[in-house]
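The primary structure of each chain is shown beneath.
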Amino acid sequence: MLAREHPMTDTPPNVQADTSRGAVLLEVDPSIYPLEAIYGAAYIFIDRCYVFLDRPSDAAVRVTLQTKEPDPDDAALRDLVGQFANELLSCAWRRQITEENRTLIEAVTAQALAGAMGPPSLDDLADFDFSDDGFEDPLGIAQSWEEKHGRKTPKDSASQADSKDSEEASS
Amino acid sequence: MIALRFPRDLYAAAAVDEAAEAFAALAAIDRADDDDALVLHVTPRYPKHSRRILGELQNFALAKTIDRGGAP
């Protein structure tokens, strides 16, 4: 299939050079690097080389990177495949992080969209269901300062005075 | 004439069609699919630039496939 294919020196066995076409071929295991990551890395390299995907077997995706300049040297091909491998790893890792944080991202996005819809109208507030029980407040954090430490109301003062009078009368 | 084989599980058929249409002015392109791949028989109209035409056609098909969210 390829006119001249040989393993590059100092590179992993899944990398081959096709110097007659100015191309380098990289076989990727899709069980390690998902197809979305391969697509992501390939898309980034489209502006600097010709990228072609092939499937030599069910357990491999072969990425062919062909330089846009006709006669690249070995160093340029080695750089190209090394940069692609780095980008591939980066894309795979970013995809995994996105998957792990998908629930959080969706929740934040939903809240942002709800906030962008503006404040609730009076009708919305009128229809709002307030019947839920209040949250527990054992330390009295939700109480106002007046409720907790403030002056006694006239009603409280009167009841206190009554209790004082009754104490004096009994003594 | 050069045959370009785009594996069906890696390239979207609509993207390959779009690439063939976009490059019709630069190459004579016939589509002849087989079971595993979408096959384009490409004859560049400018032989001097055939490497570039074929490479850009491949890039176009891949970019359009990725834009569509990958192969179906």
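Look a little higher up for the structure.
In this text the structure is predicted, and so the values were computed from the model without any measurement.

What counts and what doesn't
- Residues numbered from 1 in each chain as written.
- Chains lettered and ligands numbered in written order.
- Predicted model: local features only at pLDDT ≥ 70, side-chain atom pairs only at ≥ 80, totals over all residues.
- Helix = DSSP H or I, 4+ residues; strand = E, 2+ residues; numbered from the N terminus.
- Buried ≥ 20, exposed ≤ 12 C-beta atoms within 10 Å, placed from the backbone.
- Contact = placed C-beta atoms within 7 Å.
- Pairing = 2+ DSSP bridges.
- Axes fitted to C-alpha atoms, helices over the stretch in contact; angles between N-to-C directions.

Trainee: Give a description of the overall build of chain B that names residues and reports values.
Mentor: In terms of helices and strands, chain B carries 2 helices and 3 strands. In chain B, the order of α-helices and β-strands from amino to carboxyl end is β-α-β-β-α. Counting the 72 residues in chain B, one finds 36% classified as buried. Residue pairs at least 24 apart in sequence account for 62% of intrachain contacts in chain B once pairs closer than 6 positions are excluded.

Trainee: Can you lay out the sheet that holds strand β3 (residues 37-44) of chain B for me, pointing to particular residues and giving the numbers?
Mentor: Residue and element names in this part refer to chain B. Read from one edge of the open sheet, 3 strands run β1-β3-β2, paired in antiparallel fashion. Every other strand in the sheet has two partners, leaving β1 (2-7) and β2 (27-31) as the edge strands with one partner each. When strand polarity is set aside, the average angle formed by the axes of neighbouring strands in this sheet is 25 degrees. With 5 bridges joining them, β2 and β3 adopt antiparallel strand pairing. Bridge pairing links Ala27 to Pro44 in β3.

Trainee: So what's going on with the interface of chain B and chain A? Residues and values would help.
Mentor: At the junction of the two partners, chain B supplies 11 residues and chain A supplies 13 residues. Broken down by element, the residue count for the side of chain B that touches chain A peaks at 7 residues, all from helix α2 (residues 50-67) of chain B.

Trainee: Give a detailed account of the environment of Ile38 of chain A, specifying residues and quantitative values.
Mentor: Residue and element names in this part refer to chain A. Topologically, Ile38 is positioned in helix α1 (residues 35-45). Ile38 sits in the buried class, given 24 other C-beta atoms within 10 Å. Sequence-wise, Ile38 and Leu53 are 15 residues apart; in three dimensions their C-alpha atoms are separated by 9.1 Å. With near-sequence residues (within four places) excluded, Ile38 lies in contact with Val28, Tyr33, Val61, Val63 and Leu88.

Trainee: A description of the pairing of strand β4 (residues 49-57) of chain A should follow, citing residues and the corresponding values.
Mentor: Residues and elements named next belong to chain A. Note that β4 and strand β5 (residues 60-67) share 7 bridges and pair antiparallel. Opposite Ser57, over in β5, you have Ala60 as the bridge partner. The antiparallel hairpin formed by β4 and β5 contains 2 residues in its connecting segment.

Trainee: Summarise the pairing of strand β3 (residues 23-28) of chain A; cite the residues concerned and give the values.
Mentor: Within a regular strand, the side chains alternate between the two sheet faces. Residues and elements named next belong to chain A. Most of β3 is tucked away: 5 of the 6 residues are buried. Taking the residues between adjacent antiparallel strands as the criterion, strand β2 (residues 15-18) and β3 are bridged by 4 residues, where Gly22 takes a positive phi near 65 degrees. Relative to β5, β3 runs antiparallel, the two being bridged by 6 bridges. When the bridges of β5 are listed, Glu27 appears paired with Arg62.

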